[in-house]
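What follows is each chain in one-letter form.
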Amino acid sequence: MKTPHILIVDDEPNIVMSLEFLMRKNGFQVGIARNGTEALAAIDQTAYDLILLDIMMPDVDGLQVCRQLRQRPDRAGTKVIFLSAKSREADVQKGYEVGADLYIPKPFSTRQLMEKVRELLGVAT
């Protein structure tokens, strides 16, 4: 089985760094985008298995990225986990409406995040 490929999309460098370290340590291939525009370009080039996506970003927000991803039949298998500081019920609802597989409010437990990533990818621990 091929190594799952994960795209990390966040405009906060510390979060990107810690998520990248965590995902690589757990054996995943990792791509990084620091904003929505970079994320859409990365999605064009690579069929990621899963995207860890922030919502609040300066240019194209995570909701728009997810919406555009969901309109592409060639990326139908890509899982999306929103990691966002927006944790009101309406925000979470909006995340699921645009096609998120999971919505995890920040701050989050890295252990819990890894469990969810493995679950969504069907990867044994």
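Everything numeric here is computed off the predicted structure, so don't read it as measured data.

Caption draft 1: Examining the UniProt feature "modified residue: 4-aspartylphosphate" (unreviewed entry) in the chain more closely. Cross-referencing UniProt, the feature "modified residue: 4-aspartylphosphate" (unreviewed entry) maps to Asp54 in the present numbering. The topology assignment puts Asp54 in the loop between β3 (50–53) and α3 (62–70). Using a relative accessible area of 4% as the deciding quantity, one classes Asp54 as buried. If sequence neighbours within four positions are ignored, Asp54 has contacts with Val9, Asp10, Asp11, Gly62, Leu83, Ser84 and Lys106.

Caption draft 2: Focus on α3. Among the residues of α3, those classed as buried are Gly62, Leu63, Val65, Cys66 and Leu69. Buried residues in α3, looked at end-on, bunch into an arc of 160°, giving them a common side. Taken together, the buried residues of α3 touch α2 (36–45), β3, β4 (79–84) and α4 (89–97). You can read the cap of α3 off the contacts: a side-chain oxygen lies 3.1 Å from the backbone nitrogen of Leu63, and it is on Asp61.

Caption draft 3: Region of interest: α2. The set of residues buried in α2 consists of Gly36, Ala39, Leu40, Ala42 and Ile43. Buried residues of α2, viewed axially, fall in a sector of 160°; they line one side. Looking at the buried positions of α2, the neighbouring elements they touch are β1 (5–9), β2 (29–33), β3 and α3. The opening residue of α2 is Asn35, an N-cap whose side-chain oxygen sits 3.1 Å from the backbone nitrogen of Thr37.

Caption draft 4: Spotlight on the sheet that holds β1. Spatially, the five strands line up as an open sheet ordered β2-β1-β3-β4-β5, and their pairing is parallel. Of all the strands in the sheet, the pair left with one neighbour each is β2 and β5 (102–105). Going across the sheet, the axis of each strand differs from the next one's by a mean of 20°, ignoring polarity. By the bridge criterion, four bridges tie β1 to β3 in an arrangement that is parallel. Within β3, the residue paired with Ile6 across the bridge is Leu50. Against the sheet, α2 contacts β1, β2 and β3, and its axis sits at roughly 165° relative to β1. With respect to the sheet, α4 is in contact with β4 and β5, its orientation differing from that of β5 by roughly 150°.

Caption draft 5: How the structure looks around the packing of helix α1 (residues 13–25) against helix α5 (residues 110–121). Remark: α1 packs on α5, axes separated minimally by 11 Å, with the N-to-C direction vectors making an angle of 55°. Taken together, the axis directions place α1 and α5 in an arrangement best described as oblique. The two elements α1 and α5 meet at a crossing, and its hand is right-handed. In contact with Leu19, Leu22 and Met23 of α1, α5 contributes Thr110, Leu113, Met114 and Val117. Split by residue class, the contact of α1 with α5 holds six nonpolar, one polar and no charged.

Caption draft 6: Geometry of the packing of aromatic side chains. For the structure on display, the rule yields one aromatic pair. Each ring, one from Phe82 and one from Tyr103, has its centre 5.9 Å from the other, and the planes form 55°; the classification is tilted. In this pair, Phe82 is assigned in strand β4 and Tyr103 in strand β5, connecting sequence segments 21 residues apart. Each of the two residues, Phe82 as well as Tyr103, counts as buried.

Rules and cut-offs
Residues numbered from 1 in each chain as written. Predicted model: local features only at pLDDT ≥ 70, side-chain atom pairs only at ≥ 80, totals over all residues. Heavy atoms only, no water. UniProt positions renumbered as here; feature names shortened; annotations may be inferred. Helix = DSSP H or I, 4+ residues; strand = E, 2+ residues; numbered from the N terminus. Buried < 20%, exposed > 50% of the residue type's maximum accessible area, 1.4 Å probe, protein only. Contact = heavy atoms within 4.5 Å. Arc of directions from axis to C-beta. Polar contact = N/O pair within 3.5 Å; in protein donor to acceptor, adjacent residues only side chain to side chain. Pairing = 2+ DSSP bridges. Axes fitted to C-alpha atoms, helices over the stretch in contact; angles between N-to-C directions. Parallel < 35°, antiparallel > 145°, perpendicular 65-115°, else oblique. Left-handed = near helix turned anticlockwise from the far one by under 90°. Nonpolar A, V, L, I, M, F, W, Y, C, P; charged D, E, K, R; others polar. Phe/Tyr/Trp six-rings, centres within 6.5 Å; stacked < 30°, edge-to-face > 60°.

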